[in-house]
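As a plain string of letters, each chain reads:
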Amino acid sequence: MEPNNQQAYDRGSTIFSPDGRLYQVEYAREAVERGGPTVGVTTEDSVVFASYGNARSSLVVPESIEKLRDIDGQLGIATAGHVADGRRLVEYGRRFAHQEQLRYDEQPGVETVSKALADFVQESTQVGGTRPFGAAVLVGGFVETPRLYGVDPSGTPTEWAATAIGKDSGDIRESLEAEYETGLDEHSGLKVAVRALASEDRELTSETLDVAVTRESGFEPFGSEKQETLLEETEF
Amino acid sequence: MEPNNQQAYDRGSTIFSPDGRLYQVEYAREAVERGGPTVGVTTEDSVVFASYGNARSSLVVPESIEKLRDIDGQLGIATAGHVADGRRLVEYGRRFAHQEQLRYDEQPGVETVSKALADFVQESTQVGGTRPFGAAVLVGGFVETPRLYGVDPSGTPTEWAATAIGKDSGDIRESLEAEYETGLDEHSGLKVAVRALASEDRELTSETLDVAVTRESGFEPFGSEKQETLLEETEF
Amino acid sequence: MEPNNQQAYDRGSTIFSPDGRLYQVEYAREAVERGGPTVGVTTEDSVVFASYGNARSSLVVPESIEKLRDIDGQLGIATAGHVADGRRLVEYGRRFAHQEQLRYDEQPGVETVSKALADFVQESTQVGGTRPFGAAVLVGGFVETPRLYGVDPSGTPTEWAATAIGKDSGDIRESLEAEYETGLDEHSGLKVAVRALASEDRELTSETLDVAVTRESGFEPFGSEKQETLLEETEF
Amino acid sequence: MEPNNQQAYDRGSTIFSPDGRLYQVEYAREAVERGGPTVGVTTEDSVVFASYGNARSSLVVPESIEKLRDIDGQLGIATAGHVADGRRLVEYGRRFAHQEQLRYDEQPGVETVSKALADFVQESTQVGGTRPFGAAVLVGGFVETPRLYGVDPSGTPTEWAATAIGKDSGDIRESLEAEYETGLDEHSGLKVAVRALASEDRELTSETLDVAVTRESGFEPFGSEKQETLLEETEF
Amino acid sequence: MEPNNQQAYDRGSTIFSPDGRLYQVEYAREAVERGGPTVGVTTEDSVVFASYGNARSSLVVPESIEKLRDIDGQLGIATAGHVADGRRLVEYGRRFAHQEQLRYDEQPGVETVSKALADFVQESTQVGGTRPFGAAVLVGGFVETPRLYGVDPSGTPTEWAATAIGKDSGDIRESLEAEYETGLDEHSGLKVAVRALASEDRELTSETLDVAVTRESGFEPFGSEKQETLLEETEF
Amino acid sequence: MEPNNQQAYDRGSTIFSPDGRLYQVEYAREAVERGGPTVGVTTEDSVVFASYGNARSSLVVPESIEKLRDIDGQLGIATAGHVADGRRLVEYGRRFAHQEQLRYDEQPGVETVSKALADFVQESTQVGGTRPFGAAVLVGGFVETPRLYGVDPSGTPTEWAATAIGKDSGDIRESLEAEYETGLDEHSGLKVAVRALASEDRELTSETLDVAVTRESGFEPFGSEKQETLLEETEF
Amino acid sequence: MEPNNQQAYDRGSTIFSPDGRLYQVEYAREAVERGGPTVGVTTEDSVVFASYGNARSSLVVPESIEKLRDIDGQLGIATAGHVADGRRLVEYGRRFAHQEQLRYDEQPGVETVSKALADFVQESTQVGGTRPFGAAVLVGGFVETPRLYGVDPSGTPTEWAATAIGKDSGDIRESLEAEYETGLDEHSGLKVAVRALASEDRELTSETLDVAVTRESGFEPFGSEKQETLLEETEF
């Protein structure tokens, strides 16, 4: 199709192109590709996350722009893409989890939260008066067993043993496919995640890297020190 | 009609073209054609489903992207096309079935659920502020007798002895027409379904194939092993 | 008017053209013309319907695509055109009749139901945010006396002794005008209907033909056998 | 103004052209001109209506397409133009009259009903989300005295001694102006109406003509026989 | 500004042009200029109105198209421009006055009613989904003292000793400025009004002229006879 | 930016231009510049207003078009620009002040009223379905101390010792800057206001000038006589 | 991308461009760049703000256009960009803080208020019918510890040790990065803020500078005198 034809069908998320595509959803995927990547890896008793961001101003309080966050202290959630959209999805996930907690008096699982996020995202791609979310989400956690879900801008939830979202996520996932094995212990999982993130000449330092682990006992973001130790221990 | 004329009438589902066509609905059918095919076959005491998907990343947890799902443990439901739209239809079907169950205290039938889905889909093609669903649905099950319905993006429900949705569904249905006989036993039905799906040089392996059977006793998704046995037992 | 001028006024049902036409309603009539025809004929104590559809896949369960349906077991209703739109009108008619039944505790008449359908259809041609229905409707029945109504996409109800909707309806109606007589007995009415439907070289077989009769005693769809007998008894 | 300039202001009823015109309302008047004409004449103790329609199919039940109808058995109402729009106005008038009857326990007058219709029509020309009605209305009756009102697509009500709506209404009104006299008896009024309708070479027969009279005693539609007698008695 | 630039800003009443104009309001003023003029003049103990309309069909009942009407028997109201819009404003004024009457149990004044009309009209020029009113209004009456207000399509109320609305209102007002004196008696006021209306070669006859006076004792429309006498007594 | 580029961003108040401007708000400022100017000056115990308007028809009742009005007898309010929009803002201010009075049982201050007006105006520049107000507002009064606020079409409130709105407001303000001194007595303040208004060759007469003073004791509009005396006493 | 392509995607905040950008949000950032800059710096026991504005008319009451304001007497808030939008955000922050205070009976923290503002701003960038805010916000305060947040027009909240918003904010932030040290005392923090603001040849005087400090004990705006002293004490 000629570019000028594409333009005829790409102005609203409520229009299909003649070949059955939703261009606004595809453009939202481009917004995801503009954001720094995050890797998630399930290990035998945890889910580990590693995230890469450009070196920031020394004046920024790092905690405020962390991409790895927790939901109710238990599940981990990360987003890539348009930052403000990602925040709104995190807020949505937290509010949803909190309500589930109140209603059923137990920690909602990774699947439940991920599918609620997926429903919320899909609706933004079909109903008029709004645009899709320019952000993808990873949700991981250990509720009975370690699980990891990704939700893309079309609103499709997919469960992964390990995956990546954001810039170069395709290449990073290939690297994960080569290295990942079932039943990794946490330390090996962390090293797999970091090595995958380092592909494409990304320079990992304690400034550009965020690491967090979520276990049955809860969510632990790594501090600067633990991240540096991990970088030293990882063979690139 | 010249292509530039077609463009004048294909931007919204609330516009007829001069020859009485609804282009957005036809484009939604194209979205269905972009999705991997699923076959449904009624047998004497079950409905069998077989679904083909591209080989996936080894990191994906296959269960999370299964196209063959159950409604209330009894009816089977499958979608083809835009995945997130398909999920929304499955969710709608489940919620509808659950409400019927609560209201009448009995398992809703295949026809009831299919027609509720068809109403929901038709509305999306006529009322402004939304787009059609880029997904088709198969609903099958044994409630008193085995029945199988398809719902297309225009919102038309059709009952079939056997049919297919998704990529190459026309060719697959021709293959079914040639092979299908009334009163097949379940094992023969499974082989008919798999052979039809294998047409057009699709290479069926336990990675690309999903099989499920729904009987009076409930919905059974086949595991990897049972699928391999079935592939071995089928003469191509 | 030049075609490019017509285009200036045919994008929404809420716009008149300079010569006072509603193009979207006219295009919806084209959608009706794309659907297989149905004939309705009043006889002395019944209304008979005969409907023609393309030969279908042998896998389709014919009952699911029947164009001749009942409302509350008593009135017959048929549609031609965009199938999903037709279904919605049938559903609307059924729900309306059911509510009337509950409210007044008696079978609503053909005129009452037809005019309710006409109101519903007209509104879709005047109010924004929706499109016209791409379907025409026939409603017939014996409530005190046999009556038959047609409703077109503009929302106009017309009562007929005999008429047709759908592809070639104009030619079929001419054939009915030539053959129809007041006070036909049911069997003659059936033959008149079938002969009119057979005009324009339509080949009638028990696969392509649907016949139903609605009498004071209720709605009777003909089975395959009765249809074949009728075809044999009719002189073409 | 150049035609292409006119087009800039004629797509919605909520836009004035630079010279202060509402084109959509003018186009709705064109829709009225496309409908067969109806004449109304007040006489000393009645209002008579005569309406011309194209020869119809012999299969149509004439009552169902009569243009002359009653409201509550007392007032007469006729429309010209887009038939389905006319029906909606008749329904509105009936519902309005019925509510007035219930509220005040007396027959609402011609003026009251006509002005309610005018308000309803005017609103459709000013508020977004709808189009004007492509139909004009005549309302006549004897409540204390014989009165006759016309309402045009702009929503303006006008009282007349005698008038016409629909195709060639201008010429017909000229003919009425020449022949009408105050205090006509009913029979003379009928002949004046029929002669005016016959102008412009319209061929009046009992098939193309509808006649009705509304008196203090109520609304009387003429049957075929009375119409033929009238045609015979009228000197053309 | 070039005409094609003007077109860029004149399609909706919710858009300013670069030089701060609201073209739709200006076009609505053109609609006012298309309507026959009405003059209002305050005298020492009354407000007199004189209105000019084209010679009408002899069949029209003049009362039904009178431009001079009363509100609650006390205030006089007249409109010029798009007739149906004018009627709606009269209806609004009447309903408003009636509600005030009920609420405060006293005749609302000219200013109160005029400002309510102005608010209603202004809103139509700022909020989307509607168009301005293509009509101007005069409201006059004697509540404690004689007062006369005009409301234009922008929704601005202005009080006048004497003024005109409608076609040639500028010229007529100049004529009033030359002739008007404070404290005119009613008969002189009537002659001033009629002479001003007669400017621009308008031929005043009892068919084209409407006159009414509103005094403390109430609203009095002049009949044909009184109008003829007035015309005879006026020196042109 | 080329003019044709500007046009791409100036049709709605909900669109920023690429350089971050809101053209519809800027065009609304042009509407303000089209209105006659008003000056406001705070003195030691009052706020004085002086307003210039074109010589009006001798038939206009001057009070009805006064630009200087009071709110609850205490605060003064003036507008410049599109007159009907200005009126709506005055009405809004009055209604707001009245409600505050009822709620807190004390005279609301100048700041409170001005900020409520600013909020109301800002909303019209951000939310769809309406246009900005083409009017600026001055609010002044003595509640504890003399204060004067201006609100522009963007909805920004600014407090001034003295300022002007409307045509040539920039030049007038320069003149005020040169002459104004803190702690002026009322008479000096009046002369400063009048001299500033007279700049740009505006000819001030008791017909073109409106003057009002608002003191702790309330709002006093000057009559013709007092205005003439003031003009005589002012050295130009 | 060619400029004319950019235009295809920059008219509404609900549309992504093909490369995943939201142009309306980027244009809103340009609006922020048009506003005078404000610097915020956290010190060991306070947050200091310094703001630069063009020399204003001597008639403006400076307090009314202060960019440094308090929320509930405790937190400081500043905006840059479209002034009326900034005011609306300040109002929103105040109302939110007030409600939190009522609900939990304690001073809400800087983070809580900033994130509420961020949610409010993000929504304006995704939902139709509104435009983004053309303003950025700084929120600072001492609730347990000194904290400072910035919120940009995309709705992203970021915590800073020190930062700037508005014109040349990038350059000013570089200057802050060079000078800022953790644990500055308040006086040093003030001098850092003022020096950073003075970069780019901005001439700071007590007319163009606004300074405020917010401590545990509350918000203190500096008066003219304190500002002059600070300017004298600062080495540039």
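You'll find the structure just up there.
Conventions we followed
- Residues numbered from 1 in each chain as written.
- Chains lettered and ligands numbered in written order.
- Predicted model: local features only at pLDDT ≥ 70, side-chain atom pairs only at ≥ 80, totals over all residues.
- Heavy atoms only, no water.
- Helix = DSSP H or I, 4+ residues; strand = E, 2+ residues; numbered from the N terminus.
- Rg over C-alpha atoms; globule rule 2.2 N^0.38 Å.
- Buried < 20%, exposed > 50% of the residue type's maximum accessible area, 1.4 Å probe, protein only.
- Contact = heavy atoms within 4.5 Å.
- Areas by Shrake-Rupley, 256 points an atom, 1.4 Å probe, with all protein chains shown as cover.
- Patch = residues over 30% accessible without salt bridge, like charges linked within 9 Å, V, L, I, M, F, W, Y side chains within 5 Å.
- Salt bridge = Lys/Arg side-chain N within 4 Å of Asp/Glu carboxyl O.
- Lys, Arg positive; Asp, Glu negative; His and termini not counted.
- Charge placed at Lys NZ, Arg CZ, Asp CG, Glu CD.
- Buried area = accessible area lost by both parts, 1.4 Å probe.
- Polar contact = N/O pair within 3.5 Å; in protein donor to acceptor, adjacent residues only side chain to side chain.
- Nonpolar A, V, L, I, M, F, W, Y, C, P; charged D, E, K, R; others polar.
- Phe/Tyr/Trp six-rings, centres within 6.5 Å; stacked < 30°, edge-to-face > 60°.
- Lys NZ or Arg CZ within 6 Å of the ring centre and 35° of its normal.
- 1 Å grid on protein atoms, 1.4 Å probe; cavity = no way out; pocket = protein on both sides within 12 Å on 5 of 7 lines; lining within 4 Å.
- Points joined across faces, edges and corners; volume = space filled by probe spheres on them.
- Core = buried A, V, L, I, M, F, W, Y, C linked by side-chain atoms within 4.5 Å.
- Pairing = 2+ DSSP bridges.

J.: How should I be thinking about the overall build of chain A in this particular structure?
T.: Within chain A, the regular secondary structure consists of eight helices and ten strands. Taking 18 Å as the expected radius of gyration for a compact globule of 236 residues, we find that chain A reaches 18 Å, a close match to that expectation. Its C-alpha atoms give chain A principal-axis dimensions of roughly 55 × 45 × 40 Å. Sorting the 236 residues of chain A into buried and exposed places 59% on the buried side. Of the contacts made within chain A by residues no fewer than 6 positions apart, 66% connect residues no fewer than 24 positions apart. Approximately 9200 Å² of chain A is accessible, and the part contributed by carbon and sulfur atoms is 43%.

J.: Explain a negative patch on the surface here, please?
T.: Residue and element names in this part refer to chain A. Side chains of Glu30, Glu33, Asp171, Glu174, Glu177, Glu200 and Asp201 sit close together on the surface and give a patch of like negative charge. Among the secondary structure elements, those contributing two or more residues to the negative patch are helix 2 (23-33) and helix 6 (169-179). Top element by residues in the negative patch is helix 6. It accounts for three residues. One can find Glu30 in helix 2.

J.: In this structure, what is going on with the interface of chain E and chain F? I would like to understand it.
T.: Size of an interface, as often reported, equals the accessible area lost when the parts are brought together. Between chain E and chain F, the contact holds 35 residues from the first and 30 residues from the second. For the pair chain E and chain F, the two sides together bury roughly 2700 Å², of which 55% comes from carbon and sulfur. The residue Arg87(F) makes a salt bridge to Asp119(E) at a minimum N-O spacing of 3.2 Å. Taken together, the connections running from chain E to chain F amount to twelve residue pairs in polar contact (both at pLDDT 80 or more). Sorting the residues of the side of chain E that touches chain F by element identifies helix 5 (110-126), strand 7 (157-159) and helix 6 (169-179) of chain E as the ones contributing at least two each. The element best represented in the side of chain E that touches chain F is helix 5 of chain E, accounting for six residues. Its residues assigned to classes, the side of chain E that touches chain F shows 15 nonpolar, 13 polar and seven charged.

J.: Help me understand the packing of aromatic side chains, please; the structure alone is not making it clear to me.
T.: The geometry of two aromatic rings is summed up by the distance between their centres and the angle between their planes. The tally for this structure, following the rule as stated, stands at 21 aromatic pairs over all chains. Each ring, one from Phe120(F) and one from Phe133(F), has its centre 5.3 Å from the other, and the planes form 45°; the classification is tilted. Of the two residues, Phe120(F) sits in helix 4 (residues 110-126) while Phe133(F) sits in the loop between helix 4 and strand 5 (135-143), which places them 13 residues apart along the sequence. Side by side, Phe120(F) and Phe133(F) carry an identical accessibility label, which is buried. Among the aromatic residues, ring-to-ring pairing joins Tyr92(A), Phe120(A) and Phe133(A) into one connected group. In this structure, Arg202(B) packs its charged tip against the face of Tyr52(B), placed 5.6 Å from the ring centre.

J.: Can you help me understand the pattern of salt bridges in this one?
T.: Side-chain pairs of opposite charge can arise where the charged atoms are in close proximity. Evaluated as defined, the whole model comprises 121 salt bridges over all chains. Where Asp168(D) meets Arg202(D), a salt bridge forms, and the shortest distance between an N and an O atom there is 3.1 Å. Highlighted residues: Asp168(D) in the loop between strand 8 (162-165) and helix 5 (169-179) and Arg202(D) in the loop between helix 6 (186-198) and strand 9 (209-215), separated in sequence by 34 residues. Within this structure, Arg87(A), Glu91(A), Arg94(A) and Asp119(G) form a network of salt bridges that share partners.

J.: Would you mind showing me how to read empty space enclosed by the protein here?
T.: Counted according to the given criterion, the structure contains three cavities of 30 Å³ or more. If you add up the space inside the largest cavity, you get close to 50 Å³. Together, Lys115(A), Arg69(B), Arg87(B), Val90(B), Glu91(B) and Arg94(B) line the largest cavity. Counting residues per element, the lining of the largest cavity draws most heavily on helix 3 (residues 83-104) of chain B, at four residues. Looking at the lining of the largest cavity, its residues break down into one nonpolar, no polar and five charged.

J.: I tried to follow the arrangement of the chains on my own but got confused; where do I start?
T.: Spatially, chain A is disjoint from chain E: no contact exists, and the shortest C-alpha separation is 17 Å. A gap remains between chain B and chain G, which never touch, and the nearest two C-alpha atoms on either side lie 12 Å apart.

J.: How should I be thinking about the nonpolar core in this particular structure?
T.: The nonpolar side chains of soluble globular proteins are, as a tendency, buried together. Grouped together as the largest cluster of nonpolar side chains are 63 residues, with contacts concentrated most on Phe16(A), Phe16(B), Phe16(C), Phe16(D), Phe16(E), Phe16(F) and Phe16(G). When residues of this core are traced back to their parent elements, those giving at least two are helix 2 of chain A, helix 2 (23-33) of chain B, helix 2 (23-33) of chain C, helix 2 (23-33) of chain D, helix 2 (23-33) of chain E, helix 2 (23-33) of chain F together with helix 2 (23-33) of chain G. In this structure, Phe16(F) is in contact with Tyr9(F), Arg21(F), Leu22(F), Gln24(G), Tyr27(G), Ala28(G), Ala31(G), Asp85(G), Arg131(G), Pro132(G), Phe133(G) and Gly134(G), ignoring residues within four places of it in sequence.

J.: So what exactly am I meant to see when it comes to the pairing of strand 10 (residues 218-221) of chain B here?
T.: Each regular strand shows side chains that alternate between the opposite faces of the sheet. All names here are of chain B. Two strands pair when backbone bridges link them, and strand 9 (residues 209-215) and strand 10 are joined in this way by four bridges, in the antiparallel orientation. When the bridges of strand 10 are listed, Arg215 appears paired with Gly218. Between strand 9 and strand 10, which pair antiparallel in sequence order, lie two residues.

J.: What exactly am I supposed to notice about the interface of chain B and chain A here?
T.: At the junction of the two partners, chain B supplies 30 residues and chain A supplies 35 residues. A combined buried area of about 2700 Å² lies between chain B and chain A, and 54% of that area is made up of carbon and sulfur atoms. Taken together, chain B and chain A are joined by one salt bridge. Here chain B and chain A share twelve residue pairs in polar contact (both at pLDDT 80 or more) between them. The element best represented in the side of chain B that touches chain A is helix 3 of chain B, accounting for six residues. For the side of chain B that touches chain A, a count of residues per class yields eleven nonpolar, nine polar and ten charged.

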